[in-house]
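Single-letter residue listing:
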Amino acid sequence: MSKFRMFDLNPEQQNAATHGTGPLLILAGAGTGKTRVITARMAWLTAQGHSASRILGVTFTNKAAKEMKNRVVDMIGTEGAKDITISTFHSLCVRILRQSAHLLGYKDNFSILDDSDQSGILKKIIHRTAAKDEKLDPAVARALISKAKNSGWNAPPTEATLLGAVYLRYQDELKGLNAMDFDDLLLLAVRVLREHAETATHWQERYEFLLVDEFQDTNRLQLELVSLLAGKHPNVCVVGDDDQSIYGWRGAEVSNILEFERHFPNPVIVKLEQNYRSTNTILNAANRLIRNNVRRRGKNLWSAAGEGSPVHVLAMRDDREEAELVTSEIAAHRHAEQLPWEHFAILYRTNQQSRPIEETLRKLKIPYRLIGGKSFFDRREIKDVLAYATCLINPSNDPSLLRILRTPPRGIGAVTIENALEQSRNGSLFEVLRTPELSDTVSSRTRQAITAFCDLIETYRIRLSTPSSDPSSILRTLLEESGYFEDLQRSCKTPAESLRREENVRSLLRDLSEYKDHKGLSTFLDEITLDNDRQEEQTESSTGVTLITLHAAKGLEFPHVYLIGAEDGLLPHQRSKSEGTVDEERRLFYVGITRAMKTLTISHALQRVKYGSPMSCQRSPFLSEIVGEGVLESTGTEILNQPASEEMAADHFALLKQMLSN
DNA sequence: AATCGTCTGCTTTTT
DNA sequence: GCAGACGATT
């Protein structure tokens with residue numbers, strides 16, 4: 001055990017890391033070193049002689065999984081850590097289902113649909129199902145179906161309601177396409193474990209120790225999955241913070257962590273309250289805010305870092321003044337203390353709030369990175385290439401097939417496709433295209449084009465299935481042979497655009513050829529659909545001031561944080577007020593505050609442009625919960641008239657002058 | 001099939 | 001105020 005002093009754990013962390021068997025709940029406040037504890041625990045387990053291959057860590061994001069893996073490697077070395085499994089919920093389910101989907105009537109080569117495929121299919125089904133006077137927004141349907149899959153239906157879906165009918169047809173359709181959406185991955189993995197004892201036993205024996213990260217964000221299905229994997233002797237260690245549960249709207253159940261004892265009786269509970277990130281002034285403000293929530297375990301963060309500088313609450317005249325003051329203050333602060341831009345972050349409730357900030361930053365020529373833009377994935381050419389790849393794995397995937405059927409145009413017209421789709425109803429389009437009956441209804445020229453297309457796909461499918469084949473060169477040849485690159489060029493307005501798109505395709509193919517462990521095209525596609533980071537690495541500039549929503553900021557930290565738009569109706573959001581989820585908004589605010597390491601500035605405007613016109617705004621009721629010792633309130637005008645130091649004054653002045661001259 | 005114009009409706013988004 | 005969707009128009 002003395003070995004574990006090496007990891008520099010405080011007594012509570014040590015208790016958690018060295019817990020033996022049975023359920024363990026670690027209530028880890030923001031910045032209390034939960035990743036350190038989880039990884040130290042993994043290290044400890046292996047040091048106790050437990051086999052690394054029987055330890056499973058589960059996270060929500062690939063980023064968190066990677067991070068965790070790196071940290072274990074740092075602790076016990078590559079050799080000791082390499083057999084520990086660390087996986088996201090979804091990729092774990094994919095692994096289970098690739099092995100057992102046939103037990104549920106799917107094929108094991110099923111495709112995973114992304115959001116846009118899902119929307120497309122739903123739109124089609126709604127159109128087909130709804131009567132003339134009935135209306136159902138595909139986005140709403142998607143949200144409701146997702147919620148139902150993750151939390152269960154109040155009543156089983158029936159044909160009686162439009163939504164029920166759409167749902168049933170949607171599931172049928174997906175099965176016909178041999179495809180699953182993100183929610184199905186969880187739903188079906190749980191189903192296969194629940195209904196097939198031998199599968200459940202297999203996985204229960206495979207892993208002896210389970211460690212679950214961000215437990216407050218788990219939904220009903222995820223809890224059930226954990227439960228099923230744990231089996232009768234639950235060595236389940238979960239880490240989470242009920243005060244940071246901000247995904248209730250996505251089906252996360254705070255009750256999973258609040259009522260942990262109900263799901264896993266007699267757990268050991270460890271509270272981590274020592275924070276290693278922020279000053280006490282910041283933590284006290286956070287504590288004062290969050291204690292206004294009723295349903296919580298209760299904890300009080302403290303830090304050994306001292307009091308630090310005051311938290312500023314700024315009342316601004318309008319959103320413009322807010323943007324100008326925040327940005328110029330960042331510029332001045334950076335200049336005065338010679339800090340990199342990366343030390344600063346601006347946090348906000350809704351994406352559109354970034355706009356005025358971006359404009360001002362651009363004016364001042366301050367570099368910034370905006371988190372949460374469009375992904376690499378949404379690029380047309382990337383979707384095209386992935387659709388080609390998907391069809392080689394699973395030609396029943398209609399959305400992908402439809403995509404490549406017209407890119408490039410190959411003499412199969414819209415009418416033909418429409419007819420074929422009509423015939424395919426509950427099966428796949430590819431099957432219909434291959435059937436000779438279609439010949440009766442189409443011209444011989446079209447028939448020829450269809451046959452050529454099907455042959456093309458079949459040929460390449462065979463090539464791909466040859467052992468020792470190289471997926472990336474096969475895919476490249478397929479794209480060349482089908483004239484994809486010419487079509488891409490033709491469809492681009494400028495040579496520069498076509499060059500860029502071609503480079504994107506090449507980079508994707510390079511990625512594939514360098515894909516480690518050459519586990520095959522199918523796994524590559526899984527990883528790409530399940531991993532958003534992969535795409536973002538390529539698009540984001542990684543330097544500058546960070547602009548980020550409160551949701552996306554969870555888990556991150558910045559030395560200097562500006563939380564803007566602390567107004568009633570924005571934070572808490574109007575909608576949360578009408579839906580009765582103000583507590584979650586308070587947690588969101590709490591998450592924002594606890595991102596700050598050294599300084600925190602919270603601003604609100606008295607007037608803000610909303611939907612084009614200026615509206616007057618009340619300050620957020622949360623602000624009166626935060627004020628107290630160490631919190632300074634001031635107005636924009638005061639700041640501009642009496643800056644802290646002469647140096648700052650000069651900077652402010654120079655910057656404002658520069659801004660006005662632009 | 002592509003482009004233009006008008007209408008609508010407006011959080012958050014780990015996978 | 002503006003993006004995105006949809007329908008009318010060429």
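One can find the structure itself at the top, above this paragraph.
All values derive from a computational prediction rather than experimental measurement. (Residues numbered from 1 in each chain as written. Chains lettered and ligands numbered in written order. Predicted model: local features only at pLDDT ≥ 70, side-chain atom pairs only at ≥ 80, totals over all residues. Heavy atoms only, no water.)

Novice: Which residues make up unusual backbone geometry, and what values go with them?
Specialist: Residues L571 and P572 are joined by a peptide bond in cis, for which omega reads 5°. Structurally, the position occupied by P572 is in the loop between β15 (558–563) and α27 (574–579). One non-glycine residue, N178, adopts positive backbone phi at about 55°. Here N178 shows up in the loop between α7 (162–176) and β5 (179–180). With relative accessibility at 3%, the residue N178 sits in the buried group. In the Ramachandran plot, K365 falls in the positive-phi region, its phi being about 55° despite a non-glycine side chain. Relative to the elements of secondary structure, K365 occurs in the loop between α15 (354–363) and β13 (368–370). You can call K365 exposed: its relative accessible area is 67%. (Helix = DSSP H or I, 4+ residues; strand = E, 2+ residues; numbered from the N terminus. Buried < 20%, exposed > 50% of the residue type's maximum accessible area, 1.4 Å probe, protein only.)

Novice: I'd love a proper account of the packing of helix α17 (residues 398–405) against helix α18 (residues 414–424), names of residues and values included.
Specialist: Contact pair α17 / α18: the axes reach a minimum separation of 13 Å and the direction vectors enclose 165°. Regarding the angle of α17 to α18, the classification is roughly antiparallel. For α17 against α18, the interelement crossing comes out right-handed. On α18, the residues touching D398, L402 and L405 of α17 are I417, L421 and S424. Along the lines of polarity and charge, the residues of the contact of α17 with α18 split into four nonpolar, one polar and one charged. (Axes fitted to C-alpha atoms, helices over the stretch in contact; angles between N-to-C directions. Parallel < 35°, antiparallel > 145°, perpendicular 65-115°, else oblique. Left-handed = near helix turned anticlockwise from the far one by under 90°. Contact = heavy atoms within 4.5 Å. Nonpolar A, V, L, I, M, F, W, Y, C, P; charged D, E, K, R; others polar.)

Novice: So what about the packing of aromatic side chains? Which residues, and what values?
Specialist: Scanning all chains against the criterion turns up eight aromatic pairs. Both rings, one in Y484 and one in F485, keep their centres 6.0 Å apart while their planes meet at 70°; by these two values the pair is edge-to-face. A network of ring pairs unites the aromatic residues F215, F260 and F264 as a single cluster. A cation sits over an aromatic face here: R98 above F110, 4.0 Å from the ring centre. Directly above the ring of Y460 sits R463, whose terminal nitrogen or CZ lies 4.5 Å from the centroid. (Phe/Tyr/Trp six-rings, centres within 6.5 Å; stacked < 30°, edge-to-face > 60°. Lys NZ or Arg CZ within 6 Å of the ring centre and 35° of its normal.)

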